[in-house]
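Examination of the molecular architecture
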Amino acid sequence: MNINILKIALIISILLICIQNSLAAENDFGKVIAWANNEPATVEGIELKINEPFIIKADIESKIDGNVYVQLYEPGVTKAYIVIEGPSQIDEWVYNSKVLSGWKKTYIWTVKPNGEWTDGKAPLNLFVQFNKAHDEVESIEFTIANPYILDEQYSGPAPTTTDPSSTDLPPSQGSPGFGVAGALLGIMLAVGYRFGKN
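Keep in mind that what you see is a predicted model, and the values were worked out from it rather than measured.

This part is about the overall build of the protein. Summing up its helical and strand segments, the protein has 2 helices and 13 strands in all. When the 198 residues of the protein are sorted by exposure, 39% land in the buried category. For the protein, the share of sequence-separated contacts (at least 6 apart) that also reach a separation of at least 24 residues comes to 77%.

In structure tokens:
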């Protein structure tokens with residue numbers, strides 16, 4: 001195998017790492033990875049009808065001993081969603097006190113548009129605050145999804161989500177770039193092997 005093929009394989013490996021890391025928000029106190037309908041956040045291009053359920057999932061990991069506070073919220077004045085099932089309602093806090101470094105938890109909400117806002121986008125955000133001590137606080141905040149809500153009623157089936165017990169696994173299943181890059185790597189290695197034999 002020649003040096004050029006090894007360089008290409010190294011570049012693809014670095015790209016794969018970048019793709020994986022782009023799915024996570026992280027700071028010195030913790031890490032958050034989120035999905036909407038199994039698509040890595042921030043999800044754009046979704047169209048939802050009134051009462052059409054969708055799944056919000058967040059994997060949260062603490063790097064500190066302390067408290068972790070979680071909130072699913074809408075930034076607008078008009079509240080466009082209601083929670084059908086989940087650990088909290090929109091704008092309510094979930095409190096995790098006295099967690100240890102390495103603590104991990106998955107939160108799953110089933111949410112649907114309530115009809116109060118239609119014919120426009122309605123972002124849904126996640127806020128996670130890590131408190132190490134009274135004055136040592138870091139937070140992670142981002143938009144999980146920014147759906148366009150149609151002025152139509154939904155009448156289809158509910159969405160499905162992955163098993164929350166699999167939270168220790170990396171989120172490679174949610175990254176379409178991983179499969180494409182892996183296939184390209186395999187092709188390049190096969191071509192390099194073939195040229196190496198000639």
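The next point concerns the environment of Ala34. Structurally, the position occupied by Ala34 is in strand β2 (residues 30-36). On a C-alpha basis, the gap between Ala34 and Lys57 in space is 5.5 Å, while along the polypeptide they are 23 residues apart.

Further remarks concern the sheet that holds strand β10 (residues 120-121). The strand order β4-β13-β10 describes an open sheet built from 3 strands, whose pairing is mixed. Two strands lie at the open edges of the sheet, namely β4 (47-50) and β10, each paired on one side alone. Pairing between β4 and strand β13 (residues 148-153): 3 bridges, direction parallel. Bridged to Ile50 within β13 is Gln153.

The final tally for this structure, using the stated rule, is 4 aromatic pairs. Between Tyr69 and Tyr95 the ring centres are 5.4 Å apart and the planes differ by 75°, which places this aromatic pair in the edge-to-face class. In this pair, Tyr69 sits in strand β6 (residues 66-73) while Tyr95 sits in strand β8 (residues 93-99), placing the two residues 26 residues apart along the sequence. Judged by its relative accessible area of 17%, Tyr69 is buried. Ring centres 5.9 Å apart and planes at 25° place the aromatic pair Tyr107 and Trp109 in the stacked group. Just as Tyr107 is buried, Trp109 falls in that class too. Taking NZ or CZ as reference, Lys57 lies 5.2 Å from the ring centre of Trp35, over its face.

Right, let's talk about the pattern of salt bridges for a bit. Counted by the stated rule, this structure contains 4 salt bridges. For the salt bridge of Glu152 with Lys49, the shortest nitrogen-to-oxygen distance reads 3.7 Å. Of this pair, Glu152 sits in strand β13 while Lys49 sits in strand β4, placing them 103 residues apart in sequence. Here Asp91 ties to Lys79 by a salt bridge, and the two come within 3.5 Å at their closest N and O atoms. You can see Asp91 sitting in the loop between β7 (81-85) and β8 and its partner Lys79 sitting in the loop between β6 and β7, a full 12 residues away along the chain. Owing to a relative accessible area of 33%, Asp91 belongs among the partly exposed residues under this scheme.

A residue-level look at the protein finds 68% of positions with pLDDT of 70 or above and a mean pLDDT of 78. When pLDDT is averaged over each helix and strand of the protein, the minimum, 44, is found for helix α2 (residues 176-197) and the maximum, 97, for strand β9 (residues 104-113). Across residues 13-22, confidence stays below pLDDT 50; counting only partners more than four residues off in sequence or on other chains, it has 8 contacts. Throughout residues 163-191 the model reports pLDDT below 50, and contacts reaching past four residues in sequence, or to other chains, amount to 31 contacts.

A separate point is the nonpolar core. Tyr81 and Trp109 are the most contacted members of the largest nonpolar core, which totals 36 residues. At the level of secondary structure, the elements contributing two or more residues to this core comprise β2, β5 (54-62), β6, β7, β8, β9, β11 (124-133) and β12 (136-145). In contact with Trp109, not counting residues within four places along its chain, are Phe54, Ile55, Ile56, Ala58, Val70, Leu72, Val83, Glu85, Gly86, Pro87, Ser88 and Leu126.

So, about unusual backbone geometry. Each neighbour pair has its own omega, and for Ala41 with Thr42 the value is 0°, a cis peptide bond. Tracing the chain through its elements places Thr42 in the loop between β3 (39-40) and β4. Backbone geometry at Asn38 places phi at a positive 65°, although glycine is not the residue there. You can call Asn38 partly exposed: its relative accessible area is 32%. Its identity is not glycine, yet Asp119 carries a phi of approximately 55°, on the positive side. Tracing the chain through its elements places Asp119 in the loop between β9 and β10.

Calculation criteria
- Residues numbered from 1 in each chain as written.
- Predicted model: local features only at pLDDT ≥ 70, side-chain atom pairs only at ≥ 80, totals over all residues.
- Heavy atoms only, no water.
- Helix = DSSP H or I, 4+ residues; strand = E, 2+ residues; numbered from the N terminus.
- Buried < 20%, exposed > 50% of the residue type's maximum accessible area, 1.4 Å probe, protein only.
- Contact = heavy atoms within 4.5 Å.
- Pairing = 2+ DSSP bridges.
- Phe/Tyr/Trp six-rings, centres within 6.5 Å; stacked < 30°, edge-to-face > 60°.
- Lys NZ or Arg CZ within 6 Å of the ring centre and 35° of its normal.
- Salt bridge = Lys/Arg side-chain N within 4 Å of Asp/Glu carboxyl O.
- pLDDT = per-residue confidence, 0-100.
- Core = buried A, V, L, I, M, F, W, Y, C linked by side-chain atoms within 4.5 Å.

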